[in-house]
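Spelled out from the first residue to the last, the chains are:
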Amino acid sequence: MTASFMYAPEIERMDRAALKRLQLERLKQTLAHAYANVPHTRAAFDAKGVTPDDLVHLEDLARFPFTVKSDLRDNYPFGLFAVPREELVRLHASSGTTGKPTLVGYTQDDIDRWADLIARSLACAGVRPGDIMHNALGYGLFTGGLGFHYGAERLGCTVVPVSGGQTERQIALIQDFGATVLNATPSYALNLAEMAERMGVDLATGTLRVGIFGAEPWSETMRAELDRRLGVKSMDSYGLSEIMGPGVAMECPDRLGLHGWEDHFLFEIIDPETQEPLPMGEAGELVITTLTKRGLPMIRYRTRDITRLTTEPCRCGRTHVRILRVTGRNDDMLIIRGVNLYPSQIEAVLVGFPGLSPHYQLVVSRQGSMDHLTVEAEAAETGDEASRKVLAHHVRHHIKSMCGVSCEVVIRLPDEVPRSQGKAVRVRDLRKE
Ligand code: DLL
(Lines give C-alpha, C1' and ligand atoms only; values in the text may rest on other atoms or scores of the structure.)
Protein backbone atom coordinates (compact mmCIF):
# COMPACT_ATOMS: atom_id res chain seq x y z
CA MET A 1 0.00 0.00 0.00
CA THR A 2 1.36 3.43 -0.88
CA ALA A 3 2.22 5.80 1.93
CA SER A 4 -0.26 8.44 0.80
CA PHE A 5 -3.30 6.18 1.10
CA MET A 6 -4.63 5.33 4.53
CA TYR A 7 -7.09 2.45 4.41
CA ALA A 8 -9.33 3.60 7.22
CA PRO A 9 -11.74 0.91 8.30
CA GLU A 10 -12.39 2.76 11.56
CA ILE A 11 -14.10 5.67 9.78
CA GLU A 12 -16.14 3.22 7.70
CA ARG A 13 -17.25 1.47 10.88
CA MET A 14 -17.79 4.61 12.92
CA ASP A 15 -20.56 4.75 15.47
CA ARG A 16 -23.55 6.43 13.77
CA ALA A 17 -24.00 9.08 16.47
CA ALA A 18 -20.36 10.14 16.05
CA LEU A 19 -20.77 10.08 12.27
CA LYS A 20 -23.74 12.45 12.58
CA ARG A 21 -21.73 14.82 14.78
CA LEU A 22 -18.98 14.85 12.16
CA GLN A 23 -21.56 15.49 9.43
CA LEU A 24 -23.08 18.40 11.35
CA GLU A 25 -19.71 20.06 11.86
CA ARG A 26 -18.76 19.64 8.18
CA LEU A 27 -22.21 20.68 6.95
CA LYS A 28 -21.98 23.95 8.88
CA GLN A 29 -18.60 24.66 7.27
CA THR A 30 -19.93 23.82 3.81
CA LEU A 31 -22.99 26.05 4.11
CA ALA A 32 -20.85 28.94 5.36
CA HIS A 33 -18.27 28.43 2.59
CA ALA A 34 -20.91 28.34 -0.18
CA TYR A 35 -22.91 31.25 1.26
CA ALA A 36 -19.80 33.43 1.51
CA ASN A 37 -18.38 32.60 -1.91
CA VAL A 38 -21.13 31.62 -4.36
CA PRO A 39 -23.49 34.46 -5.29
CA HIS A 40 -26.10 31.98 -6.55
CA THR A 41 -26.14 30.18 -3.19
CA ARG A 42 -26.38 33.42 -1.25
CA ALA A 43 -29.31 34.56 -3.41
CA ALA A 44 -31.06 31.18 -3.06
CA PHE A 45 -30.63 31.18 0.75
CA ASP A 46 -31.80 34.79 0.97
CA ALA A 47 -34.88 34.00 -1.12
CA LYS A 48 -35.76 31.22 1.33
CA GLY A 49 -35.00 33.43 4.31
CA VAL A 50 -32.23 31.20 5.70
CA THR A 51 -28.59 31.78 6.58
CA PRO A 52 -25.97 29.16 7.51
CA ASP A 53 -26.60 30.02 11.19
CA ASP A 54 -30.10 28.53 10.91
CA LEU A 55 -28.58 25.07 10.76
CA VAL A 56 -28.42 23.81 14.33
CA HIS A 57 -29.35 20.15 13.79
CA LEU A 58 -28.86 17.99 10.69
CA GLU A 59 -32.65 17.94 10.21
CA ASP A 60 -32.59 21.74 9.70
CA LEU A 61 -31.10 21.10 6.27
CA ALA A 62 -34.67 20.51 5.03
CA ARG A 63 -35.20 24.30 5.30
CA PHE A 64 -32.46 25.03 2.78
CA PRO A 65 -33.00 25.31 -0.99
CA PHE A 66 -32.22 22.54 -3.46
CA THR A 67 -29.67 22.80 -6.24
CA VAL A 68 -30.81 21.44 -9.61
CA LYS A 69 -29.04 20.69 -12.88
CA SER A 70 -30.29 23.89 -14.53
CA ASP A 71 -28.51 25.92 -11.82
CA LEU A 72 -25.22 24.56 -13.22
CA ARG A 73 -26.27 25.35 -16.78
CA ASP A 74 -27.50 28.85 -15.87
CA ASN A 75 -24.19 29.63 -14.17
CA TYR A 76 -22.04 28.06 -16.89
CA PRO A 77 -19.09 27.91 -16.98
CA PHE A 78 -17.60 29.10 -13.67
CA GLY A 79 -20.47 30.74 -11.78
CA LEU A 80 -21.01 28.09 -9.08
CA PHE A 81 -17.38 27.69 -8.06
CA ALA A 82 -16.60 28.73 -4.49
CA VAL A 83 -12.90 29.45 -5.09
CA PRO A 84 -11.11 31.69 -7.61
CA ARG A 85 -10.77 29.87 -10.94
CA GLU A 86 -6.97 29.83 -10.54
CA GLU A 87 -7.33 27.45 -7.58
CA LEU A 88 -9.03 24.81 -9.71
CA VAL A 89 -6.56 22.24 -10.96
CA ARG A 90 -9.01 20.18 -13.03
CA LEU A 91 -12.29 20.52 -14.90
CA HIS A 92 -14.62 17.70 -15.94
CA ALA A 93 -17.94 17.84 -17.76
CA SER A 94 -20.86 15.61 -18.57
CA SER A 95 -22.35 16.09 -22.00
CA GLY A 96 -26.06 15.83 -21.27
CA THR A 97 -28.62 15.50 -24.01
CA THR A 98 -29.40 19.14 -24.68
CA GLY A 99 -27.57 22.44 -24.60
CA LYS A 100 -24.47 23.24 -22.61
CA PRO A 101 -22.43 20.60 -20.80
CA THR A 102 -22.49 20.42 -17.02
CA LEU A 103 -19.12 21.71 -15.90
CA VAL A 104 -17.50 20.73 -12.61
CA GLY A 105 -14.14 21.70 -11.09
CA TYR A 106 -11.74 20.54 -8.38
CA THR A 107 -9.10 22.14 -6.19
CA GLN A 108 -5.96 20.10 -5.48
CA ASP A 109 -7.50 19.17 -2.10
CA ASP A 110 -10.67 18.01 -3.84
CA ILE A 111 -8.63 15.86 -6.22
CA ASP A 112 -6.74 14.31 -3.31
CA ARG A 113 -9.92 13.54 -1.39
CA TRP A 114 -11.45 12.08 -4.56
CA ALA A 115 -8.50 9.73 -5.00
CA ASP A 116 -8.82 8.70 -1.32
CA LEU A 117 -12.53 8.01 -1.73
CA ILE A 118 -11.96 5.98 -4.89
CA ALA A 119 -9.21 4.01 -3.13
CA ARG A 120 -11.61 3.41 -0.24
CA SER A 121 -14.40 2.40 -2.66
CA LEU A 122 -12.16 -0.02 -4.54
CA ALA A 123 -10.94 -1.56 -1.28
CA CYS A 124 -14.59 -1.87 -0.21
CA ALA A 125 -15.34 -3.76 -3.44
CA GLY A 126 -12.56 -6.27 -2.78
CA VAL A 127 -9.77 -4.71 -4.86
CA ARG A 128 -6.35 -4.93 -3.24
CA PRO A 129 -2.93 -3.30 -3.66
CA GLY A 130 -1.12 -5.20 -6.37
CA ASP A 131 -4.24 -5.85 -8.45
CA ILE A 132 -4.03 -5.03 -12.16
CA MET A 133 -7.01 -2.81 -13.04
CA HIS A 134 -8.07 -2.69 -16.68
CA ASN A 135 -9.84 0.68 -16.75
CA ALA A 136 -12.23 0.72 -19.71
CA LEU A 137 -14.14 3.78 -18.49
CA GLY A 138 -13.80 6.79 -20.78
CA TYR A 139 -10.83 9.10 -20.14
CA GLY A 140 -11.34 12.78 -20.86
CA LEU A 141 -14.07 15.10 -19.71
CA PHE A 142 -16.09 12.15 -18.29
CA THR A 143 -15.25 11.67 -14.61
CA GLY A 144 -15.14 7.85 -14.83
CA GLY A 145 -11.73 7.15 -16.37
CA LEU A 146 -9.51 9.68 -14.61
CA GLY A 147 -11.46 9.46 -11.34
CA PHE A 148 -10.81 5.74 -10.98
CA HIS A 149 -7.31 6.07 -12.40
CA TYR A 150 -5.92 8.20 -9.58
CA GLY A 151 -7.78 6.29 -6.87
CA ALA A 152 -6.58 2.91 -8.10
CA GLU A 153 -2.99 4.19 -8.18
CA ARG A 154 -3.43 5.47 -4.64
CA LEU A 155 -4.64 2.06 -3.49
CA GLY A 156 -1.52 0.57 -5.00
CA CYS A 157 -2.93 -1.06 -8.12
CA THR A 158 -1.30 -1.27 -11.52
CA VAL A 159 -3.66 0.69 -13.76
CA VAL A 160 -4.11 0.00 -17.47
CA PRO A 161 -5.62 3.30 -18.76
CA VAL A 162 -7.24 1.82 -21.85
CA SER A 163 -10.45 3.95 -21.91
CA GLY A 164 -13.35 2.90 -24.19
CA GLY A 165 -13.25 1.56 -27.75
CA GLN A 166 -10.97 -0.79 -29.72
CA THR A 167 -12.76 -3.66 -28.06
CA GLU A 168 -10.81 -6.45 -29.78
CA ARG A 169 -7.49 -4.99 -28.65
CA GLN A 170 -8.82 -4.67 -25.10
CA ILE A 171 -9.37 -8.44 -24.95
CA ALA A 172 -5.76 -9.03 -25.95
CA LEU A 173 -4.52 -6.56 -23.31
CA ILE A 174 -6.62 -8.16 -20.55
CA GLN A 175 -5.01 -11.49 -21.44
CA ASP A 176 -1.46 -10.23 -21.99
CA PHE A 177 -1.28 -8.29 -18.70
CA GLY A 178 -3.39 -10.73 -16.66
CA ALA A 179 -5.82 -8.05 -15.44
CA THR A 180 -7.53 -8.99 -12.18
CA VAL A 181 -10.01 -6.10 -12.04
CA LEU A 182 -12.21 -4.79 -14.86
CA ASN A 183 -13.69 -1.32 -14.49
CA ALA A 184 -16.34 -0.41 -17.07
CA THR A 185 -19.96 0.45 -17.61
CA PRO A 186 -22.01 -2.78 -17.36
CA SER A 187 -23.13 -2.44 -20.98
CA TYR A 188 -19.55 -2.08 -22.22
CA ALA A 189 -18.44 -4.99 -20.02
CA LEU A 190 -21.04 -7.08 -21.82
CA ASN A 191 -19.67 -5.88 -25.14
CA LEU A 192 -16.21 -7.03 -24.01
CA ALA A 193 -17.58 -10.43 -22.93
CA GLU A 194 -19.21 -10.91 -26.31
CA MET A 195 -16.11 -9.89 -28.23
CA ALA A 196 -13.97 -12.29 -26.20
CA GLU A 197 -16.33 -15.16 -26.97
CA ARG A 198 -16.16 -14.31 -30.67
CA MET A 199 -12.38 -14.33 -30.53
CA GLY A 200 -12.49 -17.74 -28.85
CA VAL A 201 -11.13 -16.31 -25.59
CA ASP A 202 -12.64 -17.65 -22.37
CA LEU A 203 -12.46 -14.74 -19.92
CA ALA A 204 -14.52 -16.69 -17.39
CA THR A 205 -11.58 -18.97 -16.63
CA GLY A 206 -8.99 -16.21 -16.96
CA THR A 207 -7.38 -13.85 -14.47
CA LEU A 208 -10.27 -11.41 -13.87
CA ARG A 209 -11.63 -11.56 -10.32
CA VAL A 210 -13.57 -8.33 -9.65
CA GLY A 211 -15.83 -6.30 -11.97
CA ILE A 212 -16.47 -2.69 -10.99
CA PHE A 213 -19.52 -1.62 -12.97
CA GLY A 214 -21.46 1.63 -12.86
CA ALA A 215 -22.35 4.96 -14.46
CA GLU A 216 -25.69 3.60 -15.72
CA PRO A 217 -28.59 1.55 -14.36
CA TRP A 218 -28.29 -2.22 -14.64
CA SER A 219 -30.29 -5.17 -13.38
CA GLU A 220 -29.60 -8.23 -11.22
CA THR A 221 -29.98 -10.46 -14.28
CA MET A 222 -27.30 -8.41 -16.03
CA ARG A 223 -25.11 -8.90 -12.95
CA ALA A 224 -25.54 -12.69 -13.14
CA GLU A 225 -24.69 -12.58 -16.85
CA LEU A 226 -21.51 -10.53 -16.28
CA ASP A 227 -20.40 -12.71 -13.34
CA ARG A 228 -20.79 -15.83 -15.46
CA ARG A 229 -19.32 -14.59 -18.74
CA LEU A 230 -16.37 -12.67 -17.29
CA GLY A 231 -15.60 -14.85 -14.29
CA VAL A 232 -15.82 -11.88 -11.90
CA LYS A 233 -17.71 -10.84 -8.84
CA SER A 234 -19.57 -7.77 -10.19
CA MET A 235 -19.83 -4.77 -7.91
CA ASP A 236 -22.16 -1.80 -8.38
CA SER A 237 -20.40 1.56 -8.40
CA TYR A 238 -22.33 4.84 -8.16
CA GLY A 239 -21.51 8.50 -8.51
CA LEU A 240 -22.25 11.64 -10.48
CA SER A 241 -20.18 14.51 -11.81
CA GLU A 242 -22.02 17.24 -9.93
CA ILE A 243 -21.17 15.62 -6.59
CA MET A 244 -17.64 14.46 -7.49
CA GLY A 245 -17.81 11.67 -10.06
CA PRO A 246 -17.47 7.98 -9.18
CA GLY A 247 -16.55 7.11 -5.58
CA VAL A 248 -19.75 8.42 -3.97
CA ALA A 249 -21.00 4.91 -3.15
CA MET A 250 -19.77 1.35 -3.72
CA GLU A 251 -20.93 -2.18 -2.96
CA CYS A 252 -18.99 -4.50 -0.69
CA PRO A 253 -18.79 -8.21 -1.52
CA ASP A 254 -21.96 -8.83 0.53
CA ARG A 255 -23.77 -6.97 -2.29
CA LEU A 256 -26.58 -5.70 -0.08
CA GLY A 257 -26.57 -2.12 -1.39
CA LEU A 258 -23.89 0.49 -1.98
CA HIS A 259 -22.09 2.07 0.96
CA GLY A 260 -22.50 5.84 0.62
CA TRP A 261 -19.55 7.64 2.23
CA GLU A 262 -21.28 9.72 4.85
CA ASP A 263 -18.17 11.43 6.21
CA HIS A 264 -18.05 13.29 2.85
CA PHE A 265 -21.66 13.32 1.65
CA LEU A 266 -25.06 13.72 3.24
CA PHE A 267 -27.80 11.64 1.64
CA GLU A 268 -31.52 12.41 1.75
CA ILE A 269 -34.51 10.88 -0.01
CA ILE A 270 -37.32 13.21 -1.02
CA ASP A 271 -40.69 12.77 -2.61
CA PRO A 272 -40.02 14.17 -6.09
CA GLU A 273 -43.55 15.62 -6.27
CA THR A 274 -43.87 17.34 -2.87
CA GLN A 275 -40.09 17.74 -2.40
CA GLU A 276 -40.52 16.75 1.26
CA PRO A 277 -37.91 14.49 2.91
CA LEU A 278 -39.06 10.86 3.22
CA PRO A 279 -38.35 8.54 6.16
CA MET A 280 -35.44 6.08 5.97
CA GLY A 281 -36.33 3.09 3.82
CA GLU A 282 -38.86 4.77 1.54
CA ALA A 283 -38.25 5.01 -2.18
CA GLY A 284 -37.84 8.45 -3.72
CA GLU A 285 -35.36 10.83 -5.30
CA LEU A 286 -31.82 10.85 -3.94
CA VAL A 287 -30.60 14.28 -2.82
CA ILE A 288 -26.92 14.73 -1.95
CA THR A 289 -25.03 17.48 -0.12
CA THR A 290 -21.23 17.52 -0.24
CA LEU A 291 -19.51 17.96 3.14
CA THR A 292 -15.85 18.45 2.24
CA LYS A 293 -15.69 19.86 -1.30
CA ARG A 294 -14.04 23.25 -1.67
CA GLY A 295 -14.15 24.03 -5.41
CA LEU A 296 -17.76 23.16 -6.07
CA PRO A 297 -19.75 22.62 -2.88
CA MET A 298 -23.21 21.22 -3.67
CA ILE A 299 -26.12 21.82 -1.38
CA ARG A 300 -29.11 19.49 -1.61
CA TYR A 301 -28.40 18.47 -5.19
CA ARG A 302 -31.43 16.75 -6.74
CA THR A 303 -29.89 13.78 -8.53
CA ARG A 304 -33.14 12.63 -10.21
CA ASP A 305 -32.04 9.10 -9.31
CA ILE A 306 -34.72 6.95 -7.73
CA THR A 307 -33.64 4.66 -4.90
CA ARG A 308 -33.99 3.80 -1.20
CA LEU A 309 -31.59 4.17 1.74
CA THR A 310 -31.03 1.83 4.66
CA THR A 311 -28.98 2.03 7.84
CA GLU A 312 -29.58 -1.63 8.75
CA PRO A 313 -26.22 -3.09 9.73
CA CYS A 314 -24.31 -4.63 6.83
CA ARG A 315 -22.60 -7.98 7.31
CA CYS A 316 -19.27 -6.34 6.49
CA GLY A 317 -19.47 -4.15 9.61
CA ARG A 318 -19.52 -0.82 7.77
CA THR A 319 -21.98 1.58 9.35
CA HIS A 320 -22.41 4.10 6.54
CA VAL A 321 -25.82 4.32 4.91
CA ARG A 322 -26.49 1.97 2.02
CA ILE A 323 -28.02 3.14 -1.23
CA LEU A 324 -30.05 0.38 -2.78
CA ARG A 325 -29.57 -0.26 -6.48
CA VAL A 326 -30.57 2.80 -8.52
CA THR A 327 -33.34 1.51 -10.75
CA GLY A 328 -33.33 4.54 -12.99
CA ARG A 329 -33.69 8.26 -13.26
CA ASN A 330 -36.85 10.21 -12.79
CA ASP A 331 -36.42 11.62 -16.25
CA ASP A 332 -35.81 8.18 -17.83
CA MET A 333 -38.99 6.76 -16.41
CA LEU A 334 -41.48 5.87 -19.12
CA ILE A 335 -45.19 6.00 -18.52
CA ILE A 336 -46.79 3.48 -20.82
CA ARG A 337 -50.58 3.63 -20.63
CA GLY A 338 -50.32 4.77 -17.04
CA VAL A 339 -47.74 2.18 -15.93
CA ASN A 340 -44.41 3.54 -14.69
CA LEU A 341 -41.52 1.69 -16.23
CA TYR A 342 -37.73 1.94 -16.06
CA PRO A 343 -35.66 0.50 -18.92
CA SER A 344 -33.77 -1.62 -16.35
CA GLN A 345 -37.02 -3.50 -15.59
CA ILE A 346 -37.25 -4.59 -19.22
CA GLU A 347 -33.55 -5.47 -19.10
CA ALA A 348 -34.24 -7.81 -16.18
CA VAL A 349 -36.63 -9.77 -18.42
CA LEU A 350 -34.47 -9.79 -21.55
CA VAL A 351 -31.05 -10.65 -20.20
CA GLY A 352 -30.67 -14.41 -19.97
CA PHE A 353 -33.93 -15.04 -21.87
CA PRO A 354 -33.47 -18.25 -23.90
CA GLY A 355 -32.80 -17.46 -27.56
CA LEU A 356 -31.96 -13.77 -27.01
CA SER A 357 -28.66 -11.94 -26.88
CA PRO A 358 -28.56 -9.46 -23.96
CA HIS A 359 -28.68 -6.32 -26.16
CA TYR A 360 -31.81 -4.23 -26.47
CA GLN A 361 -33.29 -0.83 -27.15
CA LEU A 362 -36.67 0.63 -26.29
CA VAL A 363 -38.47 2.79 -28.82
CA VAL A 364 -41.24 5.02 -27.53
CA SER A 365 -43.65 6.62 -29.96
CA ARG A 366 -47.08 8.16 -29.86
CA GLN A 367 -50.07 6.41 -31.41
CA GLY A 368 -52.99 8.81 -31.21
CA SER A 369 -53.03 10.01 -27.61
CA MET A 370 -51.33 6.86 -26.29
CA ASP A 371 -47.64 6.17 -25.74
CA HIS A 372 -46.53 3.09 -27.56
CA LEU A 373 -43.52 0.98 -26.54
CA THR A 374 -41.59 -1.18 -28.95
CA VAL A 375 -38.95 -3.42 -27.41
CA GLU A 376 -36.20 -4.20 -29.88
CA ALA A 377 -34.51 -7.37 -28.68
CA GLU A 378 -31.88 -9.35 -30.54
CA ALA A 379 -31.87 -13.04 -31.48
CA ALA A 380 -28.86 -15.01 -30.29
CA GLU A 381 -28.90 -16.92 -33.59
CA THR A 382 -30.32 -16.01 -36.98
CA GLY A 383 -32.94 -18.82 -37.21
CA ASP A 384 -35.99 -18.32 -39.43
CA GLU A 385 -38.69 -15.72 -39.38
CA ALA A 386 -41.32 -18.04 -37.94
CA SER A 387 -39.15 -18.92 -34.93
CA ARG A 388 -38.40 -15.23 -34.34
CA LYS A 389 -42.14 -14.54 -34.30
CA VAL A 390 -42.68 -17.24 -31.67
CA LEU A 391 -39.81 -15.80 -29.64
CA ALA A 392 -41.33 -12.30 -29.88
CA HIS A 393 -44.62 -13.66 -28.61
CA HIS A 394 -42.94 -15.28 -25.57
CA VAL A 395 -40.95 -12.15 -24.75
CA ARG A 396 -44.05 -9.97 -25.00
CA HIS A 397 -45.92 -12.29 -22.66
CA HIS A 398 -43.10 -12.22 -20.09
CA ILE A 399 -42.80 -8.43 -20.16
CA LYS A 400 -46.55 -8.15 -19.60
CA SER A 401 -46.46 -10.49 -16.61
CA MET A 402 -43.23 -9.13 -15.05
CA CYS A 403 -43.61 -5.38 -15.72
CA GLY A 404 -47.36 -5.03 -16.27
CA VAL A 405 -47.08 -3.26 -19.63
CA SER A 406 -48.27 -4.29 -23.04
CA CYS A 407 -45.74 -3.61 -25.73
CA GLU A 408 -44.71 -4.62 -29.19
CA VAL A 409 -41.63 -6.84 -29.42
CA VAL A 410 -39.43 -6.92 -32.49
CA ILE A 411 -36.66 -9.50 -32.68
CA ARG A 412 -33.67 -8.14 -34.57
CA LEU A 413 -31.04 -10.29 -36.22
CA PRO A 414 -27.73 -10.94 -34.41
CA ASP A 415 -25.58 -7.76 -34.29
CA GLU A 416 -28.40 -5.45 -35.37
CA VAL A 417 -28.86 -3.75 -32.00
CA PRO A 418 -26.09 -1.14 -31.51
CA ARG A 419 -23.36 -2.13 -29.02
CA SER A 420 -22.44 0.15 -26.12
CA GLN A 421 -19.10 1.98 -26.11
CA GLY A 422 -19.68 3.58 -22.72
CA LYS A 423 -23.07 4.54 -21.37
CA ALA A 424 -25.61 2.58 -23.39
CA VAL A 425 -28.44 4.37 -25.21
CA ARG A 426 -31.42 2.36 -24.00
CA VAL A 427 -34.33 4.51 -25.14
CA ARG A 428 -35.10 6.09 -28.51
CA ASP A 429 -37.90 8.50 -27.84
CA LEU A 430 -39.61 9.31 -31.14
CA ARG A 431 -42.09 11.57 -29.33
CA LYS A 432 -39.35 14.16 -28.96
CA GLU A 433 -38.13 14.03 -32.56
O1 DLL B 1 -21.53 8.41 -14.41
C2 DLL B 1 -19.94 8.94 -12.67
C3 DLL B 1 -19.52 7.51 -12.63
C4 DLL B 1 -18.48 7.06 -13.42
C5 DLL B 1 -20.17 6.61 -11.78
C6 DLL B 1 -18.10 5.74 -13.39
C7 DLL B 1 -19.75 5.28 -11.71
C8 DLL B 1 -18.72 4.86 -12.53
P9 DLL B 1 -22.32 11.28 -14.74
O10 DLL B 1 -21.86 11.08 -16.14
O11 DLL B 1 -22.48 12.65 -14.23
O12 DLL B 1 -21.33 10.59 -13.74
O13 DLL B 1 -23.69 10.49 -14.60
C14 DLL B 1 -24.32 10.38 -13.34
O15 DLL B 1 -25.35 8.27 -13.98
O16 DLL B 1 -27.02 10.49 -11.73
C17 DLL B 1 -27.12 8.15 -12.46
O18 DLL B 1 -28.30 8.53 -13.14
C19 DLL B 1 -26.24 7.35 -13.37
N20 DLL B 1 -25.48 6.36 -12.61
C21 DLL B 1 -24.22 6.44 -12.18
N22 DLL B 1 -23.86 5.30 -11.52
C23 DLL B 1 -24.97 4.50 -11.52
C24 DLL B 1 -25.27 3.20 -11.00
C25 DLL B 1 -21.01 9.25 -13.70
N26 DLL B 1 -24.36 2.46 -10.37
C27 DLL B 1 -25.61 9.60 -13.48
N28 DLL B 1 -26.53 2.73 -11.18
C29 DLL B 1 -26.27 9.37 -12.15
C30 DLL B 1 -27.47 3.45 -11.82
C31 DLL B 1 -26.00 5.18 -12.20
N32 DLL B 1 -27.23 4.66 -12.34
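Residues numbered from 1 in each chain as written. Predicted model: local features only at pLDDT ≥ 70, side-chain atom pairs only at ≥ 80, totals over all residues. Heavy atoms only, no water.

Undergrad: Would you take a moment to explain the overall build of the protein for this structure?
TA: If you tally the helices and strands in the protein, you get eleven helices and 21 strands. Against the compact-globule benchmark of 22 Å for 433 residues, the protein has a radius of gyration of 22 Å, which places it among compact chains. Its C-alpha atoms give the protein principal-axis dimensions of about 70 × 55 × 40 Å. Within the protein, buried positions represent 55% of all 433 residues. (Helix = DSSP H or I, 4+ residues; strand = E, 2+ residues; numbered from the N terminus. Rg over C-alpha atoms; globule rule 2.2 N^0.38 Å. Buried < 20%, exposed > 50% of the residue type's maximum accessible area, 1.4 Å probe, protein only.)

Undergrad: Would you mind going over the domain arrangement of the protein with me for this structure?
TA: How large an interface is tends to be reported as the accessible area lost when its parts come together. With domains assigned, the protein is organised as domain 1 (1–330) and domain 2 (334–432). Inter-centroid distance (C-alpha atoms) of domain 1 to domain 2 is 30 Å. Domain 1 puts 24 residues into the contact, and the matching count from domain 2 is 16 residues. In this assembly, domain 1 and domain 2 are joined by two salt bridges. Here Arg-419 makes a salt bridge to Glu-194, at a shortest N to O gap of 2.7 Å. Our count for the domain 1 to domain 2 interface comes out at twelve residue pairs in polar contact (both at pLDDT 80 or more). Every element with two or more residues in the side of domain 1 that touches domain 2 is listed here: helix H8 (186–198), helix H9 (220–230) and strand E15 (328–329). When residues of the side of domain 1 that touches domain 2 are assigned to their parent elements, the largest contribution, six residues, is made by H8. Residue classes in the side of domain 1 that touches domain 2 are distributed as eight nonpolar, ten polar and six charged. (Domains from an automatic or database assignment. Contact = heavy atoms within 4.5 Å. Salt bridge = Lys/Arg side-chain N within 4 Å of Asp/Glu carboxyl O. Polar contact = N/O pair within 3.5 Å; in protein donor to acceptor, adjacent residues only side chain to side chain. Nonpolar A, V, L, I, M, F, W, Y, C, P; charged D, E, K, R; others polar.)

Undergrad: Would you mind showing me how to read the site of the ligand here?
TA: Lining the immediate surroundings of the ligand are 20 residues, of which Asp-236, Ser-237, Ser-241, Asp-305 and Lys-423 lie closest. Here a nitrogen atom of the ligand and a backbone polar atom of Ala-215 are 3.1 Å apart. Measuring from an oxygen atom of the ligand, one finds a side-chain N or O atom of Ser-241 at 2.4 Å. Relative to its unbound accessible surface of 610 Å², the ligand loses 94% to contact with the protein. When contributions to the shell around the ligand are tallied by element, the ones reaching two or more residues are helix H6 (143–155) and strand E7 (233–240). Ranked by the residues each element gives to the shell around the ligand, the list is headed by E7, at five residues. (Near = heavy atom within 4 Å. Areas by Shrake-Rupley, 256 points an atom, 1.4 Å probe, with all protein chains shown as cover.)

Undergrad: In this structure, what is going on with the pairing of strand E2 (residues 102–107)? I would like to understand it.
TA: The side chains of a regular strand alternate, residue by residue, between the two faces of the sheet. With six of six residues buried, E2 is to be regarded as a mostly interior element. On E2, burial covers both faces: Thr-102, Val-104 and Tyr-106 on one face and Leu-103, Gly-105 and Thr-107 on the other are all buried. In terms of strand pairing, strand E1 (residues 88–94) meets E2 through six bridges, oriented antiparallel. The residue of E2 that forms the bridge with Leu-91 is Gly-105. (Pairing = 2+ DSSP bridges.)

Undergrad: I would appreciate a short explanation of the side chain of Asn-135 in the present structure.
TA: Its place among the elements puts Asn-135 in strand E3 (residues 132–135). At a separation of 3.4 Å, a polar atom in the side chain of Asn-135 contacts the main-chain amide nitrogen of Leu-137. With sequence-adjacent residues up to four places away left out, Asn-135 is seen in contact with Gly-145, Phe-148, His-149, Val-159, Val-160, Pro-161, Val-162, Ser-163 and Asn-183.

Undergrad: Mind showing me how you'd approach the packing of aromatic side chains here?
TA: One pair of aromatic rings is described through two measures. These are the centre distance and the angle between the planes. Tallying each qualifying case throughout the model produces six aromatic pairs. Here Phe-45 and Phe-64 contribute two aromatic rings whose centre-to-centre distance is 5.1 Å and whose plane-to-plane angle is 70 degrees, an arrangement assigned as edge-to-face. In this pair, Phe-45 is assigned in helix H3 (residues 39–48) and Phe-64 in the loop between H3 and helix H4 (69–74), connecting sequence segments 19 residues apart. The residues Phe-45 and Phe-64 share a single accessibility class, namely buried. Summarising the aromatic geometry, the rings of Phe-78 and Phe-81 are spaced 6.0 Å apart at their centres and angled 35 degrees between planes, so their arrangement reads as tilted. The structure contains a cluster of three or more aromatic residues connected by ring pairs, namely Tyr-35, Phe-45 and Phe-64. Directly above the aromatic system of Phe-66 lies the positively charged group of Arg-302, at a separation of 5.7 Å from the ring centroid. Stacked on the ring of Trp-218, the Lys or Arg Arg-325 has its end atom at 4.7 Å from the ring centre. (Phe/Tyr/Trp six-rings, centres within 6.5 Å; stacked < 30°, edge-to-face > 60°. Lys NZ or Arg CZ within 6 Å of the ring centre and 35° of its normal.)

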